[in-house]
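Topology and contacts: notes
Listed below, chain by chain, are the residues.
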Amino acid sequence: MSDGLVLRGPRVVMAPDDALFPAALSRLRDAPKALYVVGNPAALSEGIAVVGARKATPYGVRCAKRFSSLAAERGVVVVSGGARGCDAAAHEAAIAAGGTTIVFLGGGCDRLYPAEHQGLFQRIVDSGGAVVSEQPWEAPPMPWMFRMRNRLIAGLARATLIVEAGLPSGTFSTADEALAAGREVLVVPGSIASETSHGANRLICQGATPIIDDETFLDALFLLFGCLREDSSSNVIASSACQDNEVVNALRAAPMGIEELYEFARERCGVQQAKDWLMPRLAEGLDSGQIARYPDGRWGPTV
């Protein structure tokens, strides 16, 4: 039963011999026998996969949005898995940028998971993208299906961008599938003190391509898709915001709890002035969007 979570839009079951069946998925060693599609089947073209942690930090969410927007603005399809955290952020950003995005589900398209993303999935369909599964419409999502789903995400993408991943991490399976399909793996590095970046940093150590800023990502898009770089003054403004703020600069290096921040402040101006010195700089970083408070109570960078 679909429990009323049925997406509106065109529906089609695509077989491997159909004209619109993605050639990239046909080449997989375990190619899907069918694709169940809600939305625009023509949207299933090779793009870039953007995936990451479900329990994402503001840093991971912001990176997913940032790089998905850059890709979508240049006409590159953004592919992900519709999960909580980084995946959802990638889809949302692609839609907001006026681009096309594809979500591959673990279970059937009439058994949406996570159910609270029904609105997001409907916006994906309405914006010209598609919600896709190799499972029949009513197939309930089972844990083993998500690993199988990941090979489709990686298979349709010319490269997979990991924006945040801990250890252990389900995101690793998508990276593994990308390598198995002969595709490139791109990774956004994070602080060595952040558990949510341990896996991402390990992938870089193992040879994945680090994406350290907009320029390296745009270079990757050019090599993969021939996209011309377009300089954006807004990115320059964002990157230079709070450049003289010692608190923001310290948090960019490593997230800190409030006691660590007070200790940092005391080292600079003494015990008596620590609070008065810290709070305005913390507020400035928050107002500029450069830092945020993480779910575990620490403060850290958003991007």
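These numbers come from a predicted model, not from an experiment. (Residues numbered from 1 in each chain as written. Predicted model: local features only at pLDDT ≥ 70, side-chain atom pairs only at ≥ 80, totals over all residues. Heavy atoms only, no water.)

Focus: the overall build of the protein chain
Looking only at helices and strands, the protein chain has twelve helices and eleven strands in total. Over its C-alpha trace the protein chain gives a radius of gyration of 20 Å, about what one expects of a compact globule, namely 19 Å for 303 residues. The principal-axis extents of the C-alpha atoms in the protein chain amount to approximately 70 × 45 × 35 Å. A burial count over the protein chain gives 52% of its 303 residues as buried. (Helix = DSSP H or I, 4+ residues; strand = E, 2+ residues; numbered from the N terminus. Rg over C-alpha atoms; globule rule 2.2 N^0.38 Å. Buried < 20%, exposed > 50% of the residue type's maximum accessible area, 1.4 Å probe, protein only.)

What about the sheet that holds strand E9 (residues 209-210)?
Overall, mixed pairing links the nine strands, which are arranged E1-E2-E6-E5-E4-E3-E7-E8-E9 in an open sheet. The open sheet has two free edges, formed respectively by strand E1 (11-14) and E9, since each of these has just one partner strand. As judged from the four bridges shared by E1 and strand E2 (residues 35-39), these two strands associate in the antiparallel manner. Within E2, the position partnered with Arg11 by the bridge is Val38. Relative to strand E7 (residues 157-164), helix H6 (residues 171-180) is tilted by about 155°, and along the sheet it contacts strand E3 (47-52), E7 and strand E8 (184-187). (Pairing = 2+ DSSP bridges. Contact = heavy atoms within 4.5 Å. Axes fitted to C-alpha atoms, helices over the stretch in contact; angles between N-to-C directions.)

Points about the packing of aromatic side chains
Two aromatic rings are characterised by how far apart their centres lie and by the angle between their planes. The final tally for this structure, using the stated rule, is four aromatic pairs. Centre to centre, the rings of Tyr36 and Trp137 are 5.3 Å apart; their planes meet at 80°, and the pair counts as edge-to-face. Placement of the pair is Tyr36 in strand E2 and Trp137 in the loop between strand E6 (130-133) and helix H5 (143-156), with a sequence separation of 101 residues. Ring centres of Phe67 and Phe217 lie 4.9 Å apart, and the angle between their planes is 50°; on these two criteria the pair is classed as tilted. Of the two residues, Phe67 is situated in helix H2 (residues 58-73) and Phe217 in helix H8 (residues 214-225); the sequence distance between them amounts to 150 residues. An identical accessibility class is assigned to Phe67 and Phe217; each is buried. It is Arg11 that lies over the ring of Trp137; its NZ or CZ is 4.8 Å from the centre. (Phe/Tyr/Trp six-rings, centres within 6.5 Å; stacked < 30°, edge-to-face > 60°. Lys NZ or Arg CZ within 6 Å of the ring centre and 35° of its normal.)

A short note on the confidence of the model for the protein chain
As a note on interpretation, predicted positions should not be read in detail where pLDDT is low. Here the protein chain shows a mean pLDDT of 88. Residues at 70 or above account for 93%. Predicted confidence is poor over residues 231-241, with pLDDT under 50, and the contacts of this stretch with residues over four places away or in other chains come to seven contacts. (pLDDT = per-residue confidence, 0-100.)

What about H5?
Within H5, ten of the 14 residues are buried, leaving the element largely enclosed by the surrounding structure. Structurally, H5 contributes buried residues whose contacts are with helix H1 (23-26), E3, strand E4 (78-80), strand E5 (101-104), E7 and H6.

Focus on the pattern of salt bridges
Summed over all chains, the structure comprises 13 salt bridges. Between Glu134 and Arg151 there is a salt bridge, and its shortest N-O distance comes to 2.6 Å. Highlighted residues: Glu134 in the loop between E6 and H5 and Arg151 in helix H5, separated in sequence by 17 residues. Of the two residues, Glu134 and Arg151, both sit in the buried class. Through salt bridges with shared partners, a single ionic network connects Asp30, Glu134 and Arg151. (Salt bridge = Lys/Arg side-chain N within 4 Å of Asp/Glu carboxyl O.)

Things to note about the packing of helix H10 (residues 246-253) against helix H12 (residues 274-288)
Here H10 crosses H12 at 65°, and the two axes come no closer than 8 Å. With respect to H12, the element H10 is oriented roughly perpendicular. Of the residues in H12, those touching H10 at Glu246, Val247, Val248 and Leu251 are Trp277, Leu278, Arg281, Leu282 and Gly285. By residue class, the composition of the contact of H10 with H12 is six nonpolar, one polar and two charged. (Parallel < 35°, antiparallel > 145°, perpendicular 65-115°, else oblique. Nonpolar A, V, L, I, M, F, W, Y, C, P; charged D, E, K, R; others polar.)

Considering the environment of Thr209
Along the chain, the position of Thr209 falls in strand E9. Accessibility expressed as a relative area gives 29% for Thr209, which makes it partly exposed. Placed 20 residues apart in sequence, Thr209 and Pro189 show a C-alpha to C-alpha distance of 9.8 Å.

Quick word on the nonpolar core
Formed by 31 residues in total, the largest nonpolar core has its most connected members in Leu25, Leu35, Val79, Ile102, Phe104, Val132 and Ile162. For this core, the element with the most residues is H5, which contributes four residues. Grouped together as the second largest cluster of nonpolar side chains are 28 residues, Tyr59, Leu161, Val188 and Tyr294 included. (Core = buried A, V, L, I, M, F, W, Y, C linked by side-chain atoms within 4.5 Å.)

Remarks on the environment of Glu184
Positionally, Glu184 belongs in strand E8. The partly exposed category is assigned to Glu184, whose relative accessible area is 33%. C-alpha separation for the pair Glu184 and Trp277, spaced 93 residues apart in sequence, amounts to 46 Å. Glu184 has contacts with Arg158, Ala159, Thr160, Thr209 and Leu224, leaving out every residue within four places of it along the chain. Of the polar contacts made by the side chain of Glu184, one reaches the side chain of Thr209; its length is 2.9 Å. (Polar contact = N/O pair within 3.5 Å; in protein donor to acceptor, adjacent residues only side chain to side chain.)

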